[in-house]
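So you can see what is in the structure, the chains are spelled out below.
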Amino acid sequence: MKIQFVDGILLKKAFIGAANFLEQSKEEVNALNVFPVPDGDTGTNMSLTFQSAMKEILNLNEYSVEKVAMAASNGSLMGARGNSGVILSQLFRGLANGLKGKEKADAKELAKAFKLASDTAYKAVMKPTEGTILTVARECAEAAITLSKNEKDIVIFLDKVIQQGNIALNKTPDMLPVLKEAGVVDAGGKGLMVILAGAFKALTTNGEIKYETVASKKSEDTHFKKELSTGEIKFGYCTEFIVKNTKEDVENFKQELSKYGDSLLVVGGNDLIKVHVHTNNPGLVLEKGLSIGELHDIKIDNMRVQHRNLLVEEDCDCIDNKVINLNEKKEKKKYSFITVAMGDGIASVFKDLNVDFIIPGGQTMNPSTEDILNGIKEVEGEDIIILPNNGNIVLAAEQAQKMSERKVHVFPTKSIPEGISALLAFNAEVNVEENLDNMKSAVQNVKTGQVTYAVRNTEINGTKISKDDIIGICKGDIKSSGKDIQETSLELLKKMVDEDTELITIFYGNTIEEKEANKFGELAEKEFKDCDIEVIYGGQPIYYYIFSVE
């Protein structure tokens, strides 16, 4: 088979093949987690991000390489989850810019688009690290530029690009010692090569390829529901739609729609606008959208009906399984906090600390950029502070910050204890800059420990760990390991506590009984006589215990 040009139909086919293969291979990618803990989610995040891209591609009425690539960019931008998903969305964004204005593309044009994709992804990361997906993308792009000078057959061209990408992937352990010690290649880089392999297979397969849709998975997290007063809902219909083939200015359209409701989110560009609004007249809002372009993906939910059912059913589609205190009327205020948390006990702690909006999520369930944007539009603060509480959620939060026109500040907490410490340092009477400085100082004085189990055999820092061993983690290192939860947990605390430690807070997870947790608290009190010990129900999955040491 010989291909000299890729048109829109063929590019769509390539995306379908890539999406299918990534979904099939996501657990293989997840398994490449550096630590042998049950939170490897790179493959899942990349696949969910790709599914958002596919949704936009499949909604196209006509195809060119420009339109297909732009649809992938728009979809992945909103659906990006985790660091790997955000970087993937930036690769698609660069690819779309590289194919702008083109009906079809030859090898040279594809190579330039690959290069722009790599450049865009590098720029999106504050401190790019070699030995990651960025390296693999860059070396693929560099190989593409070189190969395209003489190779016109896209099948041969792409095959050789993939060969070079796999060479780069296999070199990632030499660039990052932590990968070499764990005996794995970079998970994000592997995900990218899976995508390219899936696209190549699709391009070289005769006939159509069917997109293997994936049923959305409901969160296993417990949501916290209160008596809901439907009379307090001012605008009763959650209305969402996309306007395509429009030349309307996004800001002008946003101003126009602001007359008809609240919780307004209007984002877009490149002839596409996505709208979310709460209104009492969805028909009028849809007419406004129809007046500037073509309507797609129309969704209208009666929130009053949903709220009546909320106590006995899953959270309503409108708020997309997000926790929000619907008892309270929205009031303009100086500050609002949005935080990410998993576990009903931990969420209760954040509520007690006056967090306005809690997004269920954590290690195995990273919220998307759109999830965070939805949180931003639900709060009323003049200054909005986001606490991601996980390093893998920071990029998505920062992407949401850039897309919002509100005054949003991402305070990059990497753990639940850091998020709680930051909130305790907050003072509503001082300005945002002083608050962020105070929060930074507070977070520097807290250490986080986590106790979980190993999902595979490995050796870290000279310590051999067997599958199902209990492991204690602090500051990115495995500090203790063994067969017993309590013994391994106490060993971890011994390595965290020093002469300056005053307070140890123990959050116990959803698999630990209260009696067992209190018994461990008593052990800690005997071991650390000079420290105050608090035992709190966290309800978090994956981690038997989360420790906050201050």
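Throughout what follows, the structure given in this document is the object of discussion. (Residues numbered from 1 in each chain as written. Predicted model: local features only at pLDDT ≥ 70, side-chain atom pairs only at ≥ 80, totals over all residues. Heavy atoms only, no water.)

1. Description of the nonpolar core
Nonpolar side chains tend toward joint burial in soluble globular proteins.
Alright, step 1. Core analysis: the largest hydrophobic core is formed by 96 residues, its most contacted members being Phe15, Phe50, Leu91, Leu99, Phe157, Ile372 and Ile376.
Alright, step 2. The residues touching Leu99, leaving out its near neighbours within four places in the chain, are Leu11, Val65, Glu66, Ala69, Ala105, Glu109, Leu110 and Ala113.
Alright, step 3. One finds Tyr508, Phe520, Phe528 and Ile533 within the second-largest nonpolar core, a separate group that totals 23 residues. (Core = buried A, V, L, I, M, F, W, Y, C linked by side-chain atoms within 4.5 Å. Buried < 20%, exposed > 50% of the residue type's maximum accessible area, 1.4 Å probe, protein only. Contact = heavy atoms within 4.5 Å.)

2. A closer look at helix 18 (residues 485-496)
Alright, step 1. Here helix 18 contains 12 residues, and its C-alpha end-to-end distance of 17 Å stays within 8% of the 16 Å for a straight helix at 1.5 Å per residue.
Alright, step 2. Along helix 18, the positions that sit buried rather than exposed are Ile485, Gln486, Thr488, Ser489, Leu490, Leu492, Leu493 and Met496.
Alright, step 3. Contact partners of the buried residues in helix 18: strand 12 (447-453), strand 15 (470-474), strand 16 (477-482), strand 17 (503-508), helix 19 (514-527) and strand 19 (545-549). (Helix = DSSP H or I, 4+ residues; strand = E, 2+ residues; numbered from the N terminus. Expected span 1.5 Å × (residues − 1).)

3. A closer look at the side chain of Ser421
Alright, step 1. Checked against the element boundaries, Ser421 lands in helix 16 (residues 416-424).
Alright, step 2. Only 3.3 Å separates the side chain of Ser421 from the backbone oxygen of Ala442, close enough to count as a polar contact.
Alright, step 3. Here Ser421 is in contact with Ala442, Val443 and Val446, once residues within four sequence places are set aside. (Polar contact = N/O pair within 3.5 Å; in protein donor to acceptor, adjacent residues only side chain to side chain.)

4. Let's talk about the sheet that holds strand 19
Alright, step 1. Read across the open sheet, the six strands follow the order 16-15-12-19-17-18; overall the sheet is mixed. This sheet does not close on itself; its edge strands, each paired only once, are strand 16 and strand 18 (532-537). For this sheet, the mean inter-axis angle between neighbouring strands, taken without regard to orientation, is 20 degrees.
Alright, step 2. Judged from the six bridges that link them, strand 17 and strand 18 form a sheet pairing that is parallel. Of the residues in strand 18, the one forming a bridge with Ile506 is Val535.
Alright, step 3. Strands strand 12, strand 17 and strand 19 of the sheet are contacted by helix 16, whose axis makes an angle of about 40 degrees with strand 19.
Alright, step 4. In this fold helix 18 packs onto strand 12, strand 15, strand 16, strand 17 and strand 19, with an angle of close to 20 degrees to the strand it touches most, strand 19. (Pairing = 2+ DSSP bridges. Axes fitted to C-alpha atoms, helices over the stretch in contact; angles between N-to-C directions.)

5. Overview of a negative patch on the surface
Alright, step 1. On the surface, Glu499, Asp500, Glu502, Asp532, Glu534 and Glu550 cluster together into a negatively charged patch.
Alright, step 2. Tracing the backbone through its elements, the reader meets Asp500 in the loop between helix 18 and strand 17.
Alright, step 3. Taking relative accessible area as the criterion, Asp500 reaches 58% and is therefore assigned exposed. (Patch = residues over 30% accessible without salt bridge, like charges linked within 9 Å, V, L, I, M, F, W, Y side chains within 5 Å. Areas by Shrake-Rupley, 256 points an atom, 1.4 Å probe, with all protein chains shown as cover. Salt bridge = Lys/Arg side-chain N within 4 Å of Asp/Glu carboxyl O. Lys, Arg positive; Asp, Glu negative; His and termini not counted. Charge placed at Lys NZ, Arg CZ, Asp CG, Glu CD.)

6. Remarks on the pairing of strand 10 (residues 381-387)
Alright, step 1. Burial within strand 10 is extensive, with six of its seven residues counted as buried.
Alright, step 2. Sheet analysis places strand 8 (residues 333-341) next to strand 10, joined by six bridges and oriented parallel. Counterpart to Ser336 in the pairing with strand 10 is Ile384.
Alright, step 3. Note: strand 10 against strand 11 (residues 407-410), four bridges, orientation parallel. Residue Ile384 lies in a different strand from strand 11, and its bridge partner there is Val408.

7. A word on the packing of aromatic side chains
Alright, step 1. In the structure shown here, the tally under the stated rule is 11 aromatic pairs.
Alright, step 2. Judged by centre distance (5.8 Å) and plane angle (15 degrees), the ring pair of Phe520 and Phe547 falls under stacked. Pair noted here: Phe520 is in helix 19 and Phe547 is in strand 19, with a separation of 27 residues, a long-range link.
Alright, step 3. With a relative accessible area of 0%, Phe520 lands in the buried category.
Alright, step 4. An aromatic cluster of three or more residues is present, and its members are Phe15, Phe50 and Phe92.
Alright, step 5. Its guanidinium or amino end placed over the ring of Phe5, Lys104 lies 4.2 Å from that ring's centre, counting from NZ or CZ. (Phe/Tyr/Trp six-rings, centres within 6.5 Å; stacked < 30°, edge-to-face > 60°. Lys NZ or Arg CZ within 6 Å of the ring centre and 35° of its normal.)

8. Topic: the pattern of salt bridges
Alright, step 1. Taken as a whole and judged by the stated rule, the model has 19 salt bridges.
Alright, step 2. Asp174 is the partner of Lys180 in a salt bridge, and the nearest nitrogen-oxygen pair spans 2.9 Å. Each of the two residues, Lys180 as well as Asp174, counts as exposed.
Alright, step 3. Between Asp383 and Lys334 there is a salt bridge, and its shortest N-O distance comes to 3.0 Å. Taken together, the residues Asp383 in strand 10 and Lys334 in strand 8 connect sequence positions 49 residues apart.
Alright, step 4. Classification of Asp383 by relative accessible area gives buried; the value is 0%.
Alright, step 5. Using a relative accessible area of 36% as the deciding quantity, one classes Lys334 as partly exposed.
Alright, step 6. Through salt bridges with shared partners, a single network forms among Lys334, Glu382, Asp383 and Lys407.

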